[in-house]
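Residues per chain, in single letters:
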Amino acid sequence: MAAPSPGPREVLAPSPEAGRKATTSSSGRRGLLWRLRDKQLRLGLFEVSPGHELHRLTCMMQAGLWAATQVSMDHPHRGLPTEEDFSEVLTQVHEGFELGTLAGPAFACLRHSLGLAEEDYQAALGPGGPYLQFLSTSKSKASFFLSHDQRFFLKTQRRREVQALLAHLPRYVQHLQRHPHSLLARLLGVHSLRVARGKKKYFIVMQSVFYPAGRISERYDIKGCEVSRWVEPAPEGSHLVLVLKDLNFQGKTINLGPQRSWLLRQMELDTAFLQELNVLDYSLLLAFQHLQEDERGLGSSLVFCTARSLQGVQKPYEPGAQNLRLLPNCPNSLHILDGPEQRYFLGLVDLATVYGLRKRLEYLWKMLRYPNRTFSTVSPAVYARRLCQWVEAHTE
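Quick caveat, the model's predicted, so the values are computed rather than measured.

S.K.: I'd like to hear about the confidence of the model for the chain, residue by residue, with values.
M.R.: Averaged over all residues, the pLDDT of the chain equals 87, while 83% of them reach at least 70. Scored below 50 in pLDDT, residues 18–42 shows 32 contacts in the model against residues more than four places distant or in partner chains. Low pLDDT, under 50, characterises residues 299–314; the stretch is placed with 44 contacts to residues that sit more than four places away or in other chains.

Okay, structure coming up:
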């Protein structure tokens, strides 16, 4: 696939008052009550405010995403995405930078299918509040952000990762249509950003798996292997938000009750799809939240074969949809499974690593470096099977 490049559509970005404010901090002008209200929900997270090394970058991302979403609001897409929609690149020129929107109409269709209003998407990612950052335990050099309401997750990506995502996008959309309750993370946008005549940076926007995060007690990133899969836990009493790994999970169990069979089947379906794409090194994100007494058993009142969107609106699915389940009546229900006593947040993320020559050579090196140990760089077939086995062994 050719590298993403500016397409024929290059326009001057709209400059609303909100967009102009993206180059300055809004934190100094926010009311005290607003800040106190959000304080407890943001423990362990850090505002990307003036003085932060990434503040200027996030301000440009906010202004750019506001303008990019305005385009899809002004020109709403009807029907299923076309081949041209998947290949479209719109470049908007701002003061001091350019923001590219890749496959914008296709992603607008995907957001619509999830029941996500463009106005809400724009408000969450635009200049209304600073992005949040957390201490990442990832070995990559990527930058990670959350929107100010923590609904959306933003991550910088390498050019080759963006190429892989866009090449797989039509099949990804088809998979979600066939399996609307898939565990795959919902990718909502892919963008490029270039300051003056500098090098392009790429980033993605996706629905945060860990939302709403207010009562989450533990977070894990699972790959089903052991090498480099331990994170030193935060000191007791610390408010740092750490995502732990496989070896930290030893001795724990996911107690799903009757929903276990659904999870095992959906893991098989999703990992088989990723294997077809020749993808590996993805993660199963997992978080725990204790259910309160009045929250237990609520799923039994829902109607089968319906879904609740991000706003909680029910909609029927087309005939042919597979492996549907009962969804809880809560935000982000596609990534939530309730067991008898715990609520679990689950999602497959990092879907852009292809098993090419680079990874094949890495596999040979790790075979020598880590004899008789399991590591992440293996063939897509082995990777998929091993992660499914991990889930089967750690659920009941």
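After that view of the structure, there is still more to cover.
S.K.: Mind laying out the packing of helix 8 (residues 260–276) against helix 10 (residues 380–393), listing which residues take part and the relevant values?
M.R.: One way to put it is that helix 8 packs onto helix 10 with a least axis distance of 9 Å and a crossing angle of 170 degrees. Compared by their axis directions, helix 8 and helix 10 come out roughly antiparallel. Along the contact surface, helix 8 presents R260, L263, L264, M267, E268, T271 and Q275, while helix 10 presents P380, A381, A384, L387, C388, V391 and E392. Here the contact of helix 8 with helix 10 is built from residues that sort into nine nonpolar, two polar and three charged.

S.K.: How would you explain the pattern of salt bridges if you had to name every residue and give the values?
M.R.: Taken as a whole, this structure holds 15 salt bridges when the rule is applied. Put simply, E362 and K366 hold a salt bridge, and the shortest N to O gap is 3.0 Å. Residue E362 and its partner K366 are located together in helix 9 (residues 357–369), separated by four residues, close to a single helical turn. Salt bridges linked by common partners bring D221, R229 and D246 together as one network.

S.K.: Outline the nonpolar core, listing residues and values.
M.R.: With 58 residues, the main nonpolar core has L169, Y172, L263, M267, Y282, L286 and L348 as its most contacted residues. For this core, the element with the most residues is helix 7 (residues 159–178), which contributes seven residues. Grouped together as the second largest cluster of nonpolar side chains are 25 residues, L114, Y121, A124 and L193 included.

S.K.: Got a sec to walk through the pairing of strand 9 (residues 201–207)? Specific residues and values, please.
M.R.: Two faces make up the sheet, and in a regular strand the side chains alternate between them. Of all seven residues making up strand 9, six are buried, and the element is well covered by its neighbours. One ladder, built from six bridges, connects strand 8 (residues 187–195) with strand 9; its direction is antiparallel. For V190, the partnering residue across the bridge sits in strand 9 and is I204.

S.K.: Now, about unusual backbone geometry: what can you tell me, with residues and values included?
M.R.: That bond from Y211 to P212 is cis: its omega, -5 degrees, falls within 30 degrees of zero. Positive phi is not limited to glycine here, since A103 has a value of about 55 degrees. Positionally, A103 belongs in the loop between strand 4 (97–102) and helix 5 (104–113). In this structure A103 comes out as buried when scored by relative accessible area, which is 1%. Here N323, not a glycine, exhibits a phi torsion of approximately 55 degrees, which is positive.

S.K.: A description of the side chain of R111 should follow, citing residues and the corresponding values.
M.R.: Tracing the backbone shows R111 in helix 5. Leaving out residues up to four positions away in the same chain, R111 has contacts with S72, L116, E118, Y121 and L188.

S.K.: How would you sum up the packing of aromatic side chains? Please name residues and give values.
M.R.: Tallied over the full model, the rule gives twelve aromatic pairs. Each ring, one from F249 and one from F288, has its centre 6.0 Å from the other, and the planes form 35 degrees; the classification is tilted. With F249 in the loop between strand 11 (244–245) and helix 8 and F288 in strand 13 (residues 283–290), the pair connects residues that are 39 residues apart, well separated along the chain. Exposure remark for F288: the relative accessible area of 6% places this residue in the buried category. Above the ring of Y121, the side-chain terminus of R111 is found at 4.4 Å from the ring centroid. Taking the ring centre of W262 as reference, the NZ or CZ of R325 above it sits at 4.7 Å.

S.K.: Explain helix 8 to me, using residue names and the numbers behind them.
M.R.: Taking 1.5 Å as the rise per residue, helix 8 with 17 residues should run 24 Å; its terminal C-alpha atoms sit 25 Å apart, in good agreement. All of the buried residues along helix 8 are W262, L263, L264, Q266, M267, L269, D270, T271, F273 and L274. Structurally, helix 8 contributes buried residues whose contacts are with helix 7, strand 12 (279–280), strand 13, strand 16 (336–338), strand 17 (342–349) and helix 10. In the segment just after helix 8, N278 is the residue with positive phi, at about 65 degrees.

S.K.: How would you summarise the side chain of Q92 if you had to cite specific residues and measurements?
M.R.: Here Q92 shows up in strand 3 (residues 89–94). By relative accessible area, which is 0% here, Q92 ends up buried. Within polar-contact distance, the side chain of Q92 engages the backbone oxygen of A67 at 3.4 Å. The contacts of Q92, once residues within four sequence positions are left out, are V11, A13, P14, G64, A67, A68, V71, F97, E98, L99 and T101.

S.K.: Describe the environment of Y220, with residues and values.
M.R.: Along the chain, Y220 falls in strand 10 (residues 218–222). As a C-alpha pair, Y220 and L244 span 24 residues in sequence and 4.5 Å in three-dimensional space. Engagement of the side chain of Y220 in a polar contact is seen with the side chain of E218, the distance being 2.6 Å.

S.K.: Tell me about the sheet that holds strand 10, and name the residues and values.
M.R.: One open sheet holds the five strands; their spatial order is 11-10-13-17-16, and the pairing between them is mixed. A single partner strand is all that each edge strand has here, and the edge strands are strand 11 and strand 16. The sheet contact formed by strand 10 and strand 11 spans two bridges and is parallel. Considered in strand 11, the bridge of D221 is made with K245. Helix-sheet contacts for helix 8 involve strand 13, strand 16 and strand 17, and the interaxial angle to strand 17 is about 10 degrees.

S.K.: Run through the pairing of strand 8, naming residues and quoting values.
M.R.: Within strand 8, seven of the nine residues are buried, which leaves the element mostly enclosed by the surrounding structure. Relative to strand 8, strand 4 runs antiparallel, the two sharing six bridges. Counterpart to T101 in the pairing with strand 8 is H191. Between strand 8 and strand 9, which follow one another and run antiparallel, lie five residues, and A196 among them has a positive phi close to 50 degrees.

The rules behind the values
Residues numbered from 1 in each chain as written. Predicted model: local features only at pLDDT ≥ 70, side-chain atom pairs only at ≥ 80, totals over all residues. Heavy atoms only, no water. pLDDT = per-residue confidence, 0-100. Contact = heavy atoms within 4.5 Å. Axes fitted to C-alpha atoms, helices over the stretch in contact; angles between N-to-C directions. Helix = DSSP H or I, 4+ residues; strand = E, 2+ residues; numbered from the N terminus. Parallel < 35°, antiparallel > 145°, perpendicular 65-115°, else oblique. Nonpolar A, V, L, I, M, F, W, Y, C, P; charged D, E, K, R; others polar. Salt bridge = Lys/Arg side-chain N within 4 Å of Asp/Glu carboxyl O. Core = buried A, V, L, I, M, F, W, Y, C linked by side-chain atoms within 4.5 Å. Buried < 20%, exposed > 50% of the residue type's maximum accessible area, 1.4 Å probe, protein only. Pairing = 2+ DSSP bridges. Phe/Tyr/Trp six-rings, centres within 6.5 Å; stacked < 30°, edge-to-face > 60°. Lys NZ or Arg CZ within 6 Å of the ring centre and 35° of its normal. Expected span 1.5 Å × (residues − 1). Polar contact = N/O pair within 3.5 Å; in protein donor to acceptor, adjacent residues only side chain to side chain.

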